[in-house]
Amino acid sequence: MSLDTFIRLVYIIAAACFVMGLHLMNSPATARRGNQLSAVGMAAAVLGTILLIAAGDVSTTGTLIWPIIVVGLVVGGGAGAYTARTVKMTAMPQLVSIFNAMGGGAAALVAIDEFVRAAGIGPHTLGTAEVVATVLDVVIGSVTFTGSLIAAGKLQGIVTGTPVKLPAGQAINVVLAIIAVVAAVYLIFVGQVVLVLVALLAVALVFGVTMVLPIGGADMPVVISLLNAFTGTAVAMAGFVIDDPVLIIAGALVGASGGILTKLMADAMNRSILNIIVGGFGTGDSGAVAAAGGATGGGSVRELTVDDAAIQLTYAQHVIVVPGYGLAVAQAQHATAELAALLEERGVDVKYAIHPVAGRMPGHMNVLLAEANVPYPQLWEMEDINPEFQRADVALVLGANDVTNPAARSDPSSPIYGMPILDVDKAANIIVVKRSMRPGYAGIDNLLYTDPKTGMLFGDAKDVLTQLISAVKAL
Amino acid sequence: MSVDQLISSLTIFVLAILVGFEVISKVPATLHTPLMSGANSIHGIVLVGAMLIAAIADNPLSIFLSVLAVAFAAMNVVGGYLVTDRMLEMFKKRPAAPRGAPKPEA
């Protein structure tokens, strides 16, 4: 068996590792093994490729092959390893977004290089299929590259999280789309000209920015998930360009997974993906918000003292903790776990209610709480915990807002009507820890806060929890 | 690319998409972030493509493009797997953790 045949078999094994690895990620018990299996497949594919190049079994006409590969692997791999090891878990979504940008960028670069090489020979060197794949790869990869960087910037607070209204708004995007279509048609039907590809590249890079800038920071998880699917598709297209099945398989797998995840996340917010991309909602400035504001005037808000809250919690039998975005921002997961452990010591049954979109990505809250050593069985998903609220003596809401708003069930005029929520209002008593009365990202007031059963504790989640812990200890 | 090659590549593409839907639609919401991160590392396979273009880079532009592509893809692969592993490490069972009996103290 020739080396070439052997490496092709290795690629098949790598593809099988990716599929089985993703499958093992179905369950918390096997997820880590799944990721490791997938990493083994990746290492095999990369080493196999290095062997192929070393043995000269692929085209090796390059002049600086090993310096390029070594420098690229050391610099890129080193940067990846360093950031992955040092990033705080709360900042992890933006890091994933940056890695995603890198993947999309690499996919675009591969196609650009192939195209420039072919165009150097003549304007009709590539077949139609390759040109179509190149166009798709360059467009999708470039949009992903700049889009993911802007998304990461928004999460990190470097780029403003509030939606940026572009002066001419949709007009810019329409112009960009027209240029892109003209360039693509030219490349496919007229001839392969580098300058036209450069125009297409520039338009796609700008479009990544204009697509993500107008979207609110709270929608970034959905956007990152969508861009992750984009990268998968771009990589599959790169596979068509260089005729490499392992790129096609892995890219298509990721395209499918990212697509499903994006849909799940959008569903959890009762919104369509299109709605998010077109924007407008989540901006806190739409007409619907003003209309919904009418419901506010009704009740007044009751403020609790820390000692009252501590007494309620300590003498309860069943407490449900509802962690949200505010907890993630305040990095209060350790304090939360400490308070819960303290209550458990006193015989209180503590559960965590996890809304599918709590935190910044689906499952992000679970990761944060796991980091704080919260036992996995205490984490309850929305469908399982909702019937439990009516048995709960106290529901402790930590920086969660829209996902607890009963208006989603009761007020058809509310913009979040129909969104699945946690039935926090069914609990006997509700304690809400919140920075201020500012509305959540949906820009609407939360009927929960004016419920007579609700007491508010204003302040940073971490500070309030620290005070609660010492108050409970003092009891 | 010959028609035969194109058809077989398209077949692989379509089947891989279907496999992706099947394999992934069963993942519980709890694991969605690690899943997104894990899937994100898998598309780092573009590193293979980046190295293959590095092998034929014989002019300054190609050398520049391929070194950038290798570095980007390597960051995607290495960083992606490590950060996913860090996330999943936290899901491992703790020996002392009481199991999910509804009312441990009653």
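So, here's what we can say about the structure.

The rules behind these values
- Residues numbered from 1 in each chain as written.
- Chains lettered and ligands numbered in written order.
- Predicted model: local features only at pLDDT ≥ 70, side-chain atom pairs only at ≥ 80, totals over all residues.
- Heavy atoms only, no water.
- Helix = DSSP H or I, 4+ residues; strand = E, 2+ residues; numbered from the N terminus.
- Buried < 20%, exposed > 50% of the residue type's maximum accessible area, 1.4 Å probe, protein only.
- Contact = heavy atoms within 4.5 Å.
- Areas by Shrake-Rupley, 256 points an atom, 1.4 Å probe, with all protein chains shown as cover.
- Buried area = accessible area lost by both parts, 1.4 Å probe.
- Salt bridge = Lys/Arg side-chain N within 4 Å of Asp/Glu carboxyl O.
- Polar contact = N/O pair within 3.5 Å; in protein donor to acceptor, adjacent residues only side chain to side chain.
- Nonpolar A, V, L, I, M, F, W, Y, C, P; charged D, E, K, R; others polar.
- Pairing = 2+ DSSP bridges.
- Axes fitted to C-alpha atoms, helices over the stretch in contact; angles between N-to-C directions.
- Expected span 1.5 Å × (residues − 1).
- Phe/Tyr/Trp six-rings, centres within 6.5 Å; stacked < 30°, edge-to-face > 60°.
- Lys NZ or Arg CZ within 6 Å of the ring centre and 35° of its normal.
- 1 Å grid on protein atoms, 1.4 Å probe; cavity = no way out; pocket = protein on both sides within 12 Å on 5 of 7 lines; lining within 4 Å.
- Points joined across faces, edges and corners; volume = space filled by probe spheres on them.
- Patch = residues over 30% accessible without salt bridge, like charges linked within 9 Å, V, L, I, M, F, W, Y side chains within 5 Å.

### Some thoughts on the overall build of chain A
Broken down by element type, chain A carries 18 helices and 6 strands. The C-alpha extent of chain A, read off along each of the three principal axes, is 80 × 50 × 30 Å. Per-residue burial over chain A gives 56% buried out of 475 residues. The long-range share in chain A, meaning contacts at least 24 apart out of those at least 6 apart in sequence, stands at 77%. Within the structure as shown, chain A displays about 17900 Å² of accessible surface, and the carbon and sulfur contribution to it stands at 65%.

### Notes on the overall build of chain B
Along the backbone of chain B there are 4 helices and 0 strands. Taken from N to C terminus, the helices and strands of chain B fall in the order α-α-α-α. The buried share of chain B, reckoned over its 106 residues, is 54%. Counted over contacts in chain B with a minimum sequence separation of 6, partners at least 24 positions apart contribute 69%. Accessible surface for chain B amounts to roughly 4300 Å². Of this, 70% is attributable to carbon and sulfur atoms.

### Some details on the environment of Ala106(A)
One can find Ala106(A) in helix H4 (residues 92–121). Separated by 36 residues in sequence, Ala106(A) and Ser142(A) have C-alpha atoms that sit 9.3 Å apart. Excluding residues that lie within four positions of it along the chain, Ala106(A) makes contacts with Val46(B), Ala69(B), Phe72(B) and Ala73(B).

### So, unusual backbone geometry
Residue and element names in this part refer to chain A. The backbone phi angle of Asp243 is positive, close to 55 degrees, even though this residue is not glycine. Here Asp243 shows up in the loop between helix H8 (220–242) and helix H9 (245–268). Judged by relative accessible area, which is 33%, Asp243 ranks as partly exposed. In this model, Asn373 sits at a positive phi of 65 degrees, which is unusual for a non-glycine residue. Note that Asn373 resides in the loop between helix H15 (364–371) and strand S3 (379–381).

### Comments concerning the interface of chain A and chain B
Listed as interface residues are 111 residues of chain A and, on the opposing side, 88 residues of chain B. Between chain A and chain B the total buried area reaches about 8900 Å² when both faces are included, carbon and sulfur atoms providing 75% of it. Counting the contacts that link chain A with chain B gives 2 salt bridges. Of the charged contacts, one joins Arg117(A) and Asp58(B) as a salt bridge, the two residues approaching to 3.6 Å between their closest N and O atoms. At the junction of chain A and chain B, the tally comes to 16 residue pairs in polar contact (both at pLDDT 80 or more). Per-element tally for the side of chain A that touches chain B: the top contributor is H4(A), with 18 residues. Of the residues that constitute the side of chain A that touches chain B, the class distribution is 67 nonpolar, 31 polar and 13 charged.

### Regarding the sheet that holds strand S2 (residues 349–354) of chain A
Residues and elements named next belong to chain A. Ordered in space as S3-S2-S1-S4-S5-S6, the 6 strands form an open sheet in which the pairing is parallel. The outermost strands of the open sheet, each flanked by one partner alone, are S3 and strand S6 (454–458). Averaged over all adjacent pairs, the angle separating strand axes in this sheet is 25 degrees, with direction ignored. With 3 bridges joining them, S2 and S3 adopt parallel strand pairing. Along S3, the bridge assignment pairs Tyr352 with Leu379. Its contacts with the sheet place H15 against strand S1 (318–323), S2 and S3, and it is angled at close to 145 degrees to S2.

### With respect to H8(A)
All names here are of chain A. The end-to-end C-alpha distance of H8, which contains 23 residues, comes to 32 Å, matching closely the 33 Å that a straight helix rising 1.5 Å per residue would cover. Burial of H8 is extensive: 21 of the 23 residues sit out of reach of the surface. Looking at the residues trailing H8, positive phi occurs at Asp243, about 55 degrees.

### Here we look at the packing of aromatic side chains
Tallied over the full model, the rule gives 2 aromatic pairs over all chains. Seen from their ring centres, Phe145(A) and Phe72(B) are 5.6 Å apart, and the 20 degrees between their planes marks the pair as stacked. Here Phe145(A), found in helix H5 (residues 128–156), pairs with Phe72(B), found in helix H4 (residues 60–89), and the two come from separate chains. Taking the relative accessible area as the measure of exposure, Phe72(B) reaches 16% and is therefore buried. Ring geometry for Phe240(A) against Phe13(B): centres 5.6 Å apart, planes inclined by 75 degrees, an arrangement best described as edge-to-face. With one member in each of two chains, Phe240(A) in helix H8 and Phe13(B) in helix H1 (residues 3–24) form a pair that bridges those chains. We note Lys351(A) situated over the ring of Trp380(A); from NZ or CZ to the ring centre the distance is 5.1 Å.

### What to know about the pairing of S2(A)
Residue and element names in this part refer to chain A. Of all the 6 residues making up S2, 6 are buried; the element is thus mostly covered by neighbouring parts of the structure. Side chains Asp349, Lys351 and Ala353 of S2 all project onto a buried face; the interleaved residues Val350, Tyr352 and Ile354 project onto the opposite face, where all are buried too. Both S1 and S2 contribute to a ladder of 4 bridges, which runs parallel. Considered in S2, the bridge of Val321 is made with Tyr352.

### Points about the side chain of Thr90(A)
All names here are of chain A. With respect to the element layout, Thr90 can be found in the loop between helix H3 (65–86) and H4. Its relative accessible area of 9% is what places Thr90 among the buried residues. At a separation of 3.1 Å, a polar atom in the side chain of Thr90 contacts the side chain of Gln331.

### Digging into the layout of surface pockets
Considering only enclosed or pocket space, the second largest pocket measures out at about 760 Å³ in volume. Mapped by element, the contributors of at least two residues to the lining of the second largest pocket are helix H1 (3–24), H4, H8 and H9 of chain A together with H1 and helix H3 (46–54) of chain B. No other element matches the 6 residues that H1(A) contributes to the lining of the second largest pocket.

### Re the environment of Ala183(A)
All names here are of chain A. Along the chain, Ala183 turns up in helix H6 (residues 170–190). According to the relative accessible area criterion, Ala183 is buried, its value standing at 7%. Sequence-wise, Ala183 and Lys154 are 29 residues apart; in three dimensions their C-alpha atoms are separated by 31 Å.

### Some words on a nonpolar patch on the surface
Residues and elements named next belong to chain A. Side chains of Val181, Val185, Tyr186, Phe189, Val190, Val193 and Leu195 sit close together on the surface and give an oily, nonpolar patch of about 670 Å² of accessible area. With 5 residues, the top contributor of residues to the nonpolar patch is H6. Looking at where Val185 falls in the secondary structure, it is placed in helix H6.

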